[in-house]
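# Secondary and tertiary structure notes
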Amino acid sequence: VSVLLLGASDADSSDERPIYARSGWRIPQEKPDGMDIELMRIRAKERKSWRGRIILRSLSPYPYNCVGMIFASRRAWIEIDYIYRIFLEDGYRQISRDDVKQGDVILYKNYAGEPSHVALVVMVEKFGRTRNIQVLSKWGPEAEYIHFMEDVPEWLGKPAEFYTERIDQ
Amino acid sequence: MTLSDLLEQIESVHFAAQMNIFSGFRSFRRALADHEYVDALMDHLKRHPHDNERVFQRFLDLLDKNERPEFLHPYDPALACYLWVLGETNPRLAYSAVEHALRTPRLWWARRLAQYIVEKAQKTVSQTIALGPGTSFSVVFSPRDQSTFLRYRFAGLQPLRKQLSFGTSSTDVGPREEDKVDNASFRESATYQIGRMAG
């Protein structure tokens, strides 16, 4: 059975700049339109009212997402559904929470167990046996935040897995 | 809560700020399906089915409300929400809304949801009309006469086109050069056809 699919994404257009994983695999990307910075500012303020501890780092009219921020230098929208393939093709390995260091990646999962978000570790604080982990995190197409790893809206899920491509010293 | 109150909530900054945090369409869809505003609107429409038309009209009004057309539509999350709700409560209006959404530039979630509704409808048709071994078929939408066609391919036989009349039987309309239909034309025309699929 062959079904002709409709509505090909604009990501198929010829002006797309290709992005490759370290293995050479071309990472699929989407291409949302640019956003009004004033509108993003209003929404960012609204989010700040929910979670006072989050720090707005930047707003960008160029619509990349969390995966694009980490794996494509803020240049692309890459669906979170590709995240395991990207880990694989980029040579990442899973580590425990106790092994997390700056530069590592946290994968969030929603209540259905699906990957919902990724964030980049920017600080690990140790207080006795407690470890506070701060991340740089892009929420959807709009804003980058710095926050403690648990400080995300419920729908972005919870920190579930930790990954690194570090070579052990 | 009145319908106006519900619509106001869905078009609020609060809702847009909540719904524009996702990095994948699947997560967005899941959040939409679980959102309390969406639940409330669906409940309302089940109790007051005639209000589906008002939601549809509101959808059309919002589509035109992009004061800075060089940027992503400011009501994109709300538009996606209305599409979703109509898809659940009134497929006929939903397909008409899909048609408008696919023709409107600067949509992101709403456009992807519209495409999702189209693809879901196609799969439904494919699954409904299962053929035996040695045969295959494609669902083909013609941009020229805005009809929906089913293309059969039987081993060793010429392709045969049939016009579908959804919910009833199909009628022969004779062979045509269906492969001239390219993706760009499909994007333009798909929603007309999907509207017919709803019958």
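Rules of the game
For every chain, the first residue of its written sequence is number 1, and the numbers climb from 1 along that sequence. As a convention, the first chain written is A and the first ligand written is 1, with the rest following in written order. Owing to the predicted nature of the model, reporting of local features is limited to residues with pLDDT of at least 70; listing and counting of side-chain atom pairs is limited to 80 or more, with chain, interface and lining totals taken over all residues. Neither water nor hydrogens contribute to the side-chain values; these are computed over all heavy atoms in the structure. Strands are runs of DSSP state E lasting at least 2 residues, helices are runs of H or I lasting at least 4, and numbering of each runs from the N terminus. Only C-alpha atoms enter the radius of gyration; for comparison, a globular chain is expected to reach 2.2 Å times N to the power 0.38, where N is the number of residues. Only protein chains enter the calculation, and the probe is 1.4 Å; a residue is then buried if its accessible area is under 20% of its type maximum, exposed if over 50%, and partly exposed in between. Here, residues are in contact when the closest pair of their heavy atoms is within 4.5 Å. All accessible areas in this document rest on Shrake-Rupley with a 1.4 Å probe, and a residue is counted as covered only by the protein chains that are shown. In this charge count, Lys and Arg are treated as positive and Asp and Glu as negative; neither His nor the chain ends contribute. Taken as the charge location is NZ of Lys, CZ of Arg, CG of Asp or CD of Glu. Between the first and last residue of a helix there are one fewer steps than residues, each counted as 1.5 Å, and that sum is the expected span. The reported arc concerns the directions from the helix axis to the C-beta atoms and nothing else. Two rings belonging to Phe, Tyr or Trp (six-membered ring only in the last case) form a pair when the distance between their centres is within 6.5 Å. Interplanar angles under 30 degrees mark stacking, angles over 60 mark edge-to-face geometry, and anything in between is tilted. Our definition puts a charge over a ring when NZ of Lys or CZ of Arg is within 6 Å of the ring centre and also within 35 degrees of the ring normal. Polar contacts, as counted here, are pairs of nitrogen or oxygen atoms within 3.5 Å of one another; within protein the pair requires one atom able to donate a hydrogen and one able to accept it, and residues that are adjacent in sequence qualify only if both atoms are side-chain atoms. The pLDDT value expresses, per residue, how confident the predictor is, ranging between 0 and 100. Any Lys or Arg side-chain nitrogen found within 4 Å of a carboxyl oxygen on Asp or Glu counts as a salt bridge. Side-chain atoms within 4.5 Å link the members of a nonpolar core, which is a set of buried Ala, Val, Leu, Ile, Met, Phe, Trp, Tyr and Cys residues. Here, a strand pair is defined by DSSP locating no fewer than two bridges between the strands.

## Considerations on the overall build of chain A
- A count of helical and extended segments in chain A gives three helices and seven strands.
- For a compact globule of 169 residues, the expected C-alpha radius of gyration is about 15 Å, and chain A comes in at 17 Å, within 12% of that figure.
- For chain A, the C-alpha atoms occupy an extent of roughly 60 × 40 × 30 Å along the three principal directions.
- Looking at chain A as a whole, 51% of its 169 residues qualify as buried.
- Considering only intrachain contacts with a sequence separation of at least 6, the fraction spanning at least 24 residues in chain A is 55%.
- Per element, the accessible surface of chain A, about 8400 Å² overall, is 50% carbon and sulfur.
- Charged side chains of chain A number 25 positive and 26 negative; the gap between the two group centres comes to 6 Å.

## Notes on helix H5 (residues 52–63) of chain B
Residue and element names in this part refer to chain B.
- Here H5 spans 17 Å end to end across twelve residues, near enough to the 16 Å set by a 1.5 Å rise per residue.
- Within H5, burial applies to Asn52, Val55, Phe56, Phe59, Leu60, Leu62 and Leu63. Along the axis of H5, the buried positions cluster into a sector of 165 degrees, meaning they face one direction only.
- Packed against the buried residues of H5 are helix H1 (3–10), helix H4 (36–47), helix H6 (76–89) and helix H7 (91–103).

## Focus: the packing of aromatic side chains
- The full count for this structure, using the stated rule, is 14 aromatic pairs over all chains.
- Judged by centre distance (6.4 Å) and plane angle (70 degrees), the rings of Tyr84(A) and Phe87(A) are edge-to-face. Taken together, the residues Tyr84(A) and Phe87(A), both in helix H3 (residues 83–89) and three residues apart, mark about one turn of the helix.
- Accessibility expressed as a relative area gives 2% for Phe87(A), which makes it buried.
- Between Phe28(B) and Trp109(B), the ring centres sit 4.4 Å apart and the planes meet at 5 degrees, which makes this aromatic pair stacked. Taken together, the positions of Phe28(B) in helix H3 (residues 25–34) and Trp109(B) in helix H8 (residues 109–128) put the pair 81 residues apart, joining distant regions of the chain. Each member of the pair, Phe28(B) as well as Trp109(B), carries the same accessibility label: buried.
- Chaining the aromatic ring pairs together yields one cluster made of Phe71(A), Tyr84(A), Phe87(A), Tyr92(A) and Tyr163(A).
- In this structure, Arg85(A) is placed above the aromatic ring of Trp25(A), and the distance from its NZ or CZ to the ring centre is 4.1 Å.

## Regarding helix H1 (residues 37–50) of chain A
- Compared with the 20 Å implied by 1.5 Å per residue over 14 residues, the 20 Å span of H1(A) between its first and last C-alpha is a close match.
- Looking only at H1(A), the buried set comprises Met40(A), Arg43(A), Ala44(A), Glu46(A) and Arg47(A). Within H1(A), the buried residues cover an arc of 160 degrees as seen down the axis, which keeps them to one side. Of the residues in H1(A), the exposed ones pointing more than 90 degrees away from the buried face are Lys45(A) and Ser49(A).
- Close packing links the buried residues of H1(A) with strand E1 (55–59), strand E5 (130–139) and strand E6 (143–148) of chain A together with helix H2 (13–19) of chain B.
- The opening residue of H1(A), the one whose side-chain oxygen lies 3.0 Å from the backbone nitrogen of Glu38(A), is Asp36(A).

## Overview of the confidence of the model for chain B
All names here are of chain B.
- Per-residue confidence for chain B gives a mean pLDDT of 74; residues scoring 70 or more make up 61%.
- Residue range residues 139–199 is modelled with pLDDT below 50. Its contacts to residues more than four positions away, or to other chains, number 131 contacts.
- Taken over the whole predicted complex, pTM reads 0.76, whereas the ipTM for its chain interfaces reads 0.86.

## Overview of the pattern of salt bridges
- As enumerated under the stated definition, the model contains 21 salt bridges over all chains in all.
- Between Glu142(A) and Arg47(A) there is a salt bridge whose closest N-O contact spans 3.0 Å. With Glu142(A) in the loop between E5 and E6 and Arg47(A) in helix H1, this residue pair connects regions lying 95 residues apart in the sequence. Judged on exposure class, the residue Glu142(A) and its partner Arg47(A) are both buried.
- Measuring nitrogen to oxygen at the nearest pair gives 3.2 Å for the salt bridge that ties Glu53(B) to Arg92(B). Residue Glu53(B) is located in helix H5, and its partner Arg92(B) is located in helix H7; the two are separated by 39 residues in the primary sequence.

## Focus on the environment of Pro61(A)
- On the secondary structure map, Pro61(A) appears in the loop between E1 and helix H2 (66–71).
- Residues Pro61(A) and Leu88(A) lie 27 residues apart in sequence; the distance between their C-alpha atoms is 30 Å.

## Structural notes on the nonpolar core
- Leu32(B), Leu41(B), Phe59(B) and Leu83(B) are the most contacted members of the largest nonpolar core, which totals 71 residues.
- In terms of residues, this core owes the most to one element, H6(B), which gives nine residues.
- Ranked by size, the runner-up nonpolar core spans 23 residues in total, among them Ile27(A), Ile70(A), Ala72(A) and Ile78(A).

## As for the pairing of strand E3 (residues 105–109) of chain A
- In terms of burial, E3(A) is a largely internal element, four of the five residues being buried.
- Hairpin geometry of E3(A) and strand E4 (residues 115–127) of chain A is characterised by an intervening segment of five residues between the two adjacent antiparallel strands and by a positive phi of about 80 degrees at Gly113(A).

## Quick word on the side chain of Thr104(B)
Residue and element names in this part refer to chain B.
- In this fold, Thr104 is placed in the loop between H7 and H8.
- Residue class for Thr104 comes out buried when judged on its relative accessible area of 18%.
- Within the structure, Thr104 has its side chain in polar contact with the backbone oxygen of His100 (distance 2.7 Å).

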